[in-house]
Amino acid sequence: MGKLYDKLMTDVRFREGLKACINCGTCTAICPAATFYNYDPRQIADTVQWNDDAQIEALLKSETIWYCGECMSCKTRCPRGNTPGLIIASLRTLSQKEGYFVESEKGRQQLAVKRTVGEWILDYGYCLYAEKILPEMHPEQGPVWEWESKHLPDVFNRLGANYKGNGPGILRKIPQESLDELKAIFDVTGGTDFYETIEKYSSVKAQELGLELKEKGIESEYIGHIYTTNNQSHNKA
Amino acid sequence: MILEGKKQIWSDYQKEIADDRYFYVRSCVRQNFFPGSETAFLRIMQQELGKDIYEHPHHTTCSGIGYHSDVVPFDTTMTIVARQFSLMTEAGYKNLVPSCITSFGLYTEILETWKHFPHEEEKVRNYLRKATGREFEKPENLAHASDVIFKFRKEIAFKAKHKLINQQTGEPLKVVEHIGCHYAKMFPDKGVGGAEYPYVLAGMVEEWGGEVIDYPERRHCCGFGFRQYLVQANRGYSIACSQKKFESMKLYKPDLIITNCPGCPMFLDRWQYAIAEMEGVTYGENGMGIPVFTYEEVAGLVLGYDPWDLGLQVHQVSCEPVLDKIGIEYDPEKKYDGPYGKKIGKPELPFNLKCC
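Each value, and the rule that gives it
- Residues numbered from 1 in each chain as written.
- Chains lettered and ligands numbered in written order.
- Predicted model: local features only at pLDDT ≥ 70, side-chain atom pairs only at ≥ 80, totals over all residues.
- Helix = DSSP H or I, 4+ residues; strand = E, 2+ residues; numbered from the N terminus.
- Contact = placed C-beta atoms within 7 Å.
- Pairing = 2+ DSSP bridges.
- Axes fitted to C-alpha atoms, helices over the stretch in contact; angles between N-to-C directions.
- Nonpolar A, V, L, I, M, F, W, Y, C, P; charged D, E, K, R; others polar.
- Core = buried A, V, L, I, M, F, W, Y, C linked by C-beta atoms within 7 Å.
- Buried ≥ 20, exposed ≤ 12 C-beta atoms within 10 Å, placed from the backbone.
- Domains from an automatic or database assignment.
- Parallel < 35°, antiparallel > 145°, perpendicular 65-115°, else oblique.
- Left-handed = near helix turned anticlockwise from the far one by under 90°.

Structural notes on the overall build of chain A
Helix and strand content of chain A: 15 helices and zero strands. Here the analysis covers contacts within chain A between residues at least 6 apart in sequence; of these, 62% occur between residues at least 24 apart.

Have a look at this one:
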């Protein structure tokens with residue numbers, strides 16, 4: 001009893017997110033994820049409050065903790081002031097620290113997020129970076145984005161950007177000393193270790209699945225696999 | 001609920017919004033997808049309203065998308081945000097204005113966390129000192145950029161060249177307002193009008209002559225869901241959320257959608273294209289989509305700015321039906337021009353979704 005629960009309790013988001021769930025189901029009623037996935041945030045709040053490590057470990061290895069969209073609609077409505085979205089965030093963090101995330105199809109996707117958004121933060125100083133948002137990976141962006149992608153400097157500068165320029169402005173080049181500060185923050189706060197943990201467990205899983213995983217970038221069999229695979233078992237009928 | 005009741009709720013959720021001297025932090029999504037909106041915001045603030053608003057060239061992402069897709073730890077994100085506070089302190093400002101709703105929600109969450117767990121603030125101060133040698137003051141006032149436009153909506157109305165009125169019928173345009181989830185769902189008292197009846201966009205629409213539509217799925221998420229959009233295998237979640245909203249609003253025949261979150265206009269715009277191409281279903285008039293705007297774009301149109309200066313050409317759903325209704329003049333030949341009239345081609349037309 002309690003080892004994983006105790007780890008969850010070191011996360012302020014878990015302590016803030018879980019007070020006492022009365023199983024009313026209001027969070028599930030308002031939840032966008034619950035309208036789409038086989039997902040019930042009420043069950044998750046109820047499961048973790050039992051303080052049973054076997055059940056928590058099962059959650060950390062499950063698909064279900066990866067269904068939430070973190071819109072936090074549950075926060076507004078819970079009559080007891082719980083926030084299932086914060087419970088989910090703390091479960092996801094622990095799942096990755098313990099290496100359990102690679103046991104689910106949705107959990108394994110974390111490497112794809114780390115290799116894109118996660119690395120763009122450190123490489124460019126932005127969570128998103130236009131030249132990396134490839135039309136072939138984003139067909140839903142349509143012909144306008146396809147056109148923009150071919151003319152990024154012209155389109156951006158037409159709209160008042162300072163694209164890759166020095167000084168302030170839209171999509172300016174973030175100065176190297178600022179990127180160095182971001183990297184130092186990652187090193188000091190555990191962000192770098194967290195990225196390495198995602199890489200370590202993903203590498204083991206890739207080997208287990210017999211899929212090639214290069215050390216960097218997104219051009220690997222394993223990344224392609226986790227980015228696109230959907231076994232169609234996640235949704236409501 | 002009767003209108004008086006709603007007005008009472010709105011009046012219970014009024015927030016303090018600083019009057020001048022703002023420290024502006026940009027949005028990752030908006031810079032990449034709707035850069036003209038940030039340009040318009042600064043133009044309105046500086047040229048129309050004469051305000052002091054400053055952007056520090058060394059500010060970065062707040063890491064919010066990485067945080068909410070759970071690859072960036074909370075300690076890391078809090079310290080990155082503390083660094084933004086440090087830049088604000090260094091520049092001599094106290095009023096923080098984020099362009100992004102995810103950032104606004106995150107800054108609010110972090111400040112509230114520090115209020116309830118003071119040792120977390122102390123920990124972050126130590127992290128920041130160790131990593132960068134920086135110190136910081138917390139902002140005295142935190143307001144989203146849409147709060148600031150809301151505050152000055154009457155001044156904008158006073159300078160208006162156009163109203164949100166159909167010039168052919170004389171009727172107010174019917175407007176769907178969509179509020180980003182992280183604006184007030186987490187901390188209702190931090191948003192104008194709270195979470196259930198937010199007034200930040202409704203106030204602008206009413207002041208500028210339009211009529212707000214109340215429809216069943218008004219508060220449903222656009223479907224970004226962070227990892228639910230970022231990973232291709234999950235995008236069914238994202239498009240399903242948007243579709244749920246379109247199906248709910250279509251009965252009211254909206255003329256346009258106005259949004260205050262950087263991601264929402266992108267999803268509500270692009271998913272209309274995707275639904276049209278996948279299923280042949282369109283939600284606007286004559287096979288077109290419902291035009292989706294940012295609040296800066298709507299403010300810019302009201303003030304008489306050129307639609308192509310605002311960046312309406314980088315929306316997938318054509319904006320022209322709304323421009324025609326309002327009576328805004330535009331040059332179709334210049335729509336896809338680059339800087340200084342440079343010709344850079346134009347996008348292909350979709351198969352199903354009708355575009356201008």
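That covers the picture; the talk isn't over yet.
Focus on the sheet that holds strand β5 (residues 174-178) of chain B
All names here are of chain B. Read from one edge of the open sheet, four strands run β6-β5-β7-β8, paired in parallel fashion. The two strands at the open ends of the sheet, each matched to only one other strand, are β6 (211-212) and β8 (292-294). Note that β5 and β6 share two bridges and pair parallel. What sits directly across from Val 175, in β6, is Val 212. Lying on the sheet, helix α15 (residues 295-302) is in contact with β7 (256-259) and β8; it crosses β8 at an angle near 85°.

Some words on the environment of Ala89(A)
As for its position among the elements, Ala89(A) is in helix α8 (residues 84-98). When the C-alpha positions of Ala89(A) and Phe14(A) are compared, they lie 8.1 Å apart, and in sequence the two are 75 residues distant.

Remarks on the interface of chain A and chain B
Many authors give the size of an interface as the accessible area that is lost as the parts come together. Contacts between chain A and chain B engage 72 residues on the former and 76 residues on the latter. Here the residues of the side of chain A that touches chain B are counted per class, giving 37 nonpolar, 22 polar and 13 charged.

Describing the nonpolar core
Within the largest apolar cluster, 185 residues are counted, with the highest numbers of intra-cluster contacts made by Ala33(A), Ile87(A), Val81(B), Val205(B), Ile258(B) and Ala299(B). Sort the elements by how many residues they give to this core and helix α14 (residues 263-279) of chain B lands first, with nine residues. Residue-level mapping places this core at the junction of two domains, with at least three residues from each of domain 1 (19-145) and domain 2 (153-341) of chain B. When residues no more than four places from it in sequence are discounted, the contact partners of Ala33(A) are Tyr39(A), Tyr67(A), Cys68(A), Gly69(A) and Tyr237(B).

A word on the sheet that holds strand β4 (residues 141-142) of chain B
Residues and elements named next belong to chain B. The strand order across the open sheet built from four strands is β2-β1-β3-β4, with neighbouring strands paired in parallel fashion. Strands at the two margins of the open sheet, each flanked by one partner only, are β2 (53-54) and β4. Where strand β1 (residues 22-25) meets β2, two bridges bridge the pair, whose relative direction is parallel. Each residue of the ladder has a partner; that of Tyr 22, found in β2, is Ile 53. Most of the contacts of helix α6 (residues 101-116) go to strand β3 (residues 95-98), to which it runs at about 140°, and overall it touches β1, β3 and β4.

Focus: the packing of helix α10 (residues 110-124) of chain A against helix α14 (residues 191-209) of chain A
Residue and element names in this part refer to chain A. Look at α10 against α14: their axes get within 9 Å of each other, and the N-to-C directions meet at 140°. The angle between α10 and α14 places the two elements in the oblique class. With respect to the hand of their crossing, α10 and α14 are arranged in left-handed fashion. From α10, Gln 110, Leu 111, Lys 114 and Gly 118 reach across to α14, where they touch Tyr 195, Ile 198 and Ser 202. For the contact of α10 with α14, the class distribution of residues is three nonpolar, three polar and one charged.

Things to note about the domain arrangement of chain B
Residues and elements named next belong to chain B. Here the domain parsing of chain B yields domain 1 (19-145) and domain 2 (153-341). With centres defined by C-alpha atoms, the gap from domain 1 to domain 2 works out at 25 Å. Facing the 25 residues of domain 1 at the interface are 28 residues of domain 2. Mapped onto the side of domain 1 that touches domain 2, the elements with two or more residues apiece are α2 (28-33), α3 (35-48), α4 (64-68) and α6.

Some thoughts on the environment of Leu42(B)
Residues and elements named next belong to chain B. Relative to the elements of secondary structure, Leu 42 occurs in helix α3. Leu 42 sits in the buried class, given 20 other C-beta atoms within 10 Å. Leu 42 sits 13 residues away from Glu 55 along the chain, and the two C-alpha atoms are 9.9 Å apart.

Some details on the packing of helix α5 (residues 74-91) of chain B against α6(B)
Residue and element names in this part refer to chain B. Packing of α5 against α6 leaves a shortest axis separation of 11 Å and a crossing angle of 100°. With respect to α6, the axis of α5 lies roughly perpendicular. In this structure, α5 uses Thr 77, Met 78 and Val 81 to contact α6, whose residues at the interface are Leu 106, Tyr 107 and Ile 110. A per-class count over the contact of α5 with α6 returns five nonpolar, one polar and no charged.

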